[in-house]
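In case you want the letters, here they are:
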Amino acid sequence: MITSVLPTYNRAPLTFVKGEGAWLIEADGRRFLDLGAGIAVNALGHAHPALTAALTEQAGALWHTSNLYHIPQQQALADKLVDATFADTVFFTNSGTEACELAVKMARKYWYDKAHPEKVDIITFSGSFHGRSSAGIAAAGSEKMTKGFGPLLPGFTHLTFGDHDAIASAITDETAAILIEPVQGEGGIIPVPDQCLKGLRDLCDEKGILLILDEVQCGVGRTGKLFAHEWAGIEPDIMMVAKGIGGGFPLGAVLATEEAASGMTAGTHGSTYGGNPLGCAVACAVLDIVSDPAFLDDVNRKAGLLRQKLEGLIAAHPDVFEKVRGSGLMMGIKCKAACGDVVSAGYAHNVITVPAADNTIRLLPPLNITDEEIGEAITRLDAAAQAVAA
Ligand SMILES: Cc1ncc(COP(=O)(O)O)c(C=O)c1O
């Protein structure tokens, strides 16, 4: 008999009932060190006092009005994002997937309004992940995500990353945009080198097409810059954001330049909940903390510490681990043992990691994890690796 919750997830045998900073407490009282942060969502850990205060204060005042009216918290959040980034304008969604939907629509509408309705094609890359909607799965294109869900949304060209010339020659008169994650998350924590992102920006400029960055997983301080593309010194035309921006409250956003957003006039897009007062009040609190340069400096310092300790861990367990890769506090360990076994051994030693493609485990801890907790994480991962090796 089918379960009352649609059985689309392979859930671990864990039920968390409380969270405190980087810790999750299981129903049976066990305390787990959370290096997954809800898949890069709880950017400031669990029950952060500033976020709890923002949410409860807003909850006592007003939950929802719809986008038929002005929403001060949404306006404040849009202003903060515009001040802090390349963007001139922001649309709020409930999730990363919906941000992908709008990014695709925005790019196509841009060209339609420029009298180029033939420019609908979007170039994407193998191993990418952009969500589970029709546009999201068509953008990623992998069999794993698309099989059985046809007919797929047309207009996506899938390339293997790394061959700049192949990308250049794949751009046709029908190409509207290139869409890429600066650091692939689900694909196994695979950073795009800075010079490649620069190359893509140059290519888009040269061919006159739009560059869309998916920073749903790698954005909001995760790599040690507010947004990952800043490391490469480039700016996109359109950017998808979600996960960390809401610190655990479901919220996404599409940020864009005035030019790229020019087709999105009144009536062309909408969302009942997107940008609602609760989510935006929390996100303002998240952004105030995460965009502080001193906070980001500390993320970078801790990223260095974590990476150094991970190198030692990998050297100590050459049969279990192969190598570490990533950026900031978005780390992946490519495993030699089955990554699912490593994640399960972590559960047995009260540490949470997240599996990804390419036999990789992801470490996406809260950005405010402490040095002591990083040390504790290594101790627990070491015990997990010993168990896997045994
Ligand atoms: C890079 C990227 N884009 C889009 C999405 C989809 O976001 P959501 O699950 O919030 O719809 C994800 C989710 O993992 C993601 O990692």
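Keep in mind that this is a model prediction, so the values were computed, not measured.

Caption draft 1: Up close: the confidence of the model for the protein chain. Mean pLDDT over the protein chain works out to 98, with 100% of the residues at or above the 70 mark. When the elements of the protein chain are averaged for pLDDT, helix 7 (residues 164-170) gives the smallest value, 93, and strand 12 (residues 252-256) the largest, 99.

Caption draft 2: Highlighting the sheet that holds strand 5 (residues 121-125). Across the sheet, seven strands lie side by side as 4-12-11-10-7-5-6; this open sheet has mixed pairing. Two strands lie at the open edges of the sheet, namely strand 4 (89-93) and strand 6 (156-159), each paired on one side alone. Averaged over all pairs of adjacent strands, the angle between strand axes in this sheet comes to 20°, irrespective of strand direction. Relative to strand 12, strand 11 (residues 238-241) is paired through four bridges, and the arrangement is antiparallel. Pairing of Ile-238 across the sheet is with Ala-256, part of strand 12.

Caption draft 3: Examining the environment of Ile-123 more closely. In this fold, Ile-123 is placed in strand 5. By relative accessible area, which is 0% here, Ile-123 ends up buried. Separated by 57 residues in the primary sequence, Ile-123 and Ile-180 place their C-alpha atoms 8.4 Å from one another.

Caption draft 4: Structural context of the pairing of strand 1 (residues 16-20). Pairing of strand 1 with strand 2 (residues 23-26) involves four bridges; the strand directions are antiparallel. Looking at strand 2, one finds that Gly-19 is bridged to Leu-24.

Caption draft 5: Seen up close, the state of the cysteines. For the structure shown, the criterion picks out zero disulfides. We note that Cys-100 lacks a disulfide partner, and the nearest cysteine sulfur, in Cys-218, lies 14 Å from it. Of all cysteine sulfurs, the one in Cys-335 lies closest to Cys-339, which takes part in no disulfide; the gap is 5.8 Å. On the accessibility criterion, Cys-339 (11% relative accessible area) is buried.

Caption draft 6: Structural detail: the side chain of His-48. With respect to the element layout, His-48 can be found in the loop between helix 1 (37-40) and helix 2 (49-61). Exposure remark for His-48: the relative accessible area of 18% places this residue in the buried category. Here Ala-50 takes part through its backbone nitrogen, which lies 3.1 Å from a polar atom of the side chain of His-48. Setting aside residues up to four positions removed in sequence, His-48 forms contacts with Ile-289 and Asn-368.

Caption draft 7: The pattern of salt bridges, seen in detail. On inspection of all chains with the given rule, the structure shows 15 salt bridges. Between Asp-371 and Arg-301 there is a salt bridge whose closest N-O contact spans 3.0 Å. In this pair, Asp-371 is assigned in helix 12 (residues 371-389) and Arg-301 in helix 10 (residues 293-316), connecting sequence segments 70 residues apart. Exposure remark for Arg-301: the relative accessible area of 40% places this residue in the partly exposed category. Between Lys-334 and Asp-358 there is a salt bridge whose closest N-O contact spans 3.2 Å. With Lys-334 in strand 14 (residues 330-335) and Asp-358 in the loop between strand 16 (354-356) and strand 17 (360-363), this pair connects stretches of sequence that are 24 residues apart. A single network of salt bridges, built from pairs that share partners, joins Asp-298, Arg-301, Lys-302 and Asp-371.

Caption draft 8: Molecular detail of the sheet that holds strand 3 (residues 31-34). Reading across from one edge, 1-2-3-15 is the order of the four strands in this open sheet, with mixed pairing throughout. The open sheet terminates on both sides in strands that have one partner only, identified here as strand 1 and strand 15 (351-352). In this fold helix 12 packs onto strand 2, strand 3 and strand 15, with an angle of close to 105° to the strand it touches most, strand 3.

Rules used throughout
Residues numbered from 1 in each chain as written. Predicted model: local features only at pLDDT ≥ 70, side-chain atom pairs only at ≥ 80, totals over all residues. Heavy atoms only, no water. pLDDT = per-residue confidence, 0-100. Helix = DSSP H or I, 4+ residues; strand = E, 2+ residues; numbered from the N terminus. Pairing = 2+ DSSP bridges. Axes fitted to C-alpha atoms, helices over the stretch in contact; angles between N-to-C directions. Buried < 20%, exposed > 50% of the residue type's maximum accessible area, 1.4 Å probe, protein only. Disulfide = S-S within 2.5 Å. Polar contact = N/O pair within 3.5 Å; in protein donor to acceptor, adjacent residues only side chain to side chain. Contact = heavy atoms within 4.5 Å. Salt bridge = Lys/Arg side-chain N within 4 Å of Asp/Glu carboxyl O.

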